[in-house]
Amino acid sequence: MNFNNLSDRTKGIIFIILSAFGFAMMSAFVKLAGDLPSFQKTFFRNLVSAIVALILILKHKESLFGKKENQKTLIMRSTFGTLGIVLNYYAIDRLI
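Computed from a prediction, not measured in an experiment: that's the story for all the values here.

**Overview of the packing of helix α1 (residues 8–32) against helix α3 (residues 71–94)**
- With their axes 9 Å apart at the nearest point, α1 and α3 run at an angle of 65° to one another. Here α1 and α3 pass one another in a crossing that is right-handed. In this structure, α1 contributes M26, S27, V30 and K31 to the contact, and α3 contributes Y89, I92 and D93.
- Of the residues in the contact of α1 with α3, the class split is four nonpolar, one polar and two charged.

**Quick word on the nonpolar core**
- By size, the foremost hydrophobic cluster in this structure holds five residues: M26, V30, I85, Y89 and I92.
- Those elements giving two or more residues to this core turn out to be α1 and α3.
- For this core, the element with the highest residue contribution is α3, accounting for three residues.

**What to know about the packing of aromatic side chains**
- Per the stated rule, a full pass over the model turns up one aromatic pair.
- A centroid spacing of 5.1 Å and a plane angle of 80° characterise the contact between F43 and F44, whose relative ring orientation is edge-to-face.
- Of the residues examined, F44 reaches a relative accessible area of 46% and is grouped as partly exposed.

**Considerations on α1**
- With 25 residues, α1 extends 36 Å from end C-alpha to end C-alpha; this agrees with the ideal 36 Å at 1.5 Å per step.
- Those residues of α1 lying buried are K11, M26 and V30.
- Elements in contact with the buried residues of α1: α2 (38–59) and α3.
- Positive phi appears at G34, one or two residues downstream of α1, with a value of about 85°.

Calculation rules
Residues numbered from 1 in each chain as written. Predicted model: local features only at pLDDT ≥ 70, side-chain atom pairs only at ≥ 80, totals over all residues. Heavy atoms only, no water. Axes fitted to C-alpha atoms, helices over the stretch in contact; angles between N-to-C directions. Helix = DSSP H or I, 4+ residues; strand = E, 2+ residues; numbered from the N terminus. Left-handed = near helix turned anticlockwise from the far one by under 90°. Contact = heavy atoms within 4.5 Å. Nonpolar A, V, L, I, M, F, W, Y, C, P; charged D, E, K, R; others polar. Core = buried A, V, L, I, M, F, W, Y, C linked by side-chain atoms within 4.5 Å. Buried < 20%, exposed > 50% of the residue type's maximum accessible area, 1.4 Å probe, protein only. Phe/Tyr/Trp six-rings, centres within 6.5 Å; stacked < 30°, edge-to-face > 60°. Expected span 1.5 Å × (residues − 1).

Laid out in structure tokens, this is it:
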């Protein structure tokens, strides 16, 4: 299958399906992790994300903390993102 010949709409549909599959797998593995606290699951998930982000930042020679004018927004985004992940894992743990 030549991915370059697909329309943007078809590529978008494929990526949405892959994203949904990825989130479903992540939720399944969180549930299978057992009695680990939600914060511990969040830490290890974010550790993997941080390593991937660090590699990409170093590869593209970007600033580690972003531009000075964007730092407040980036801190808010990371805070709310982490809170969202913790609450999502907490909810998944409580599912029957």
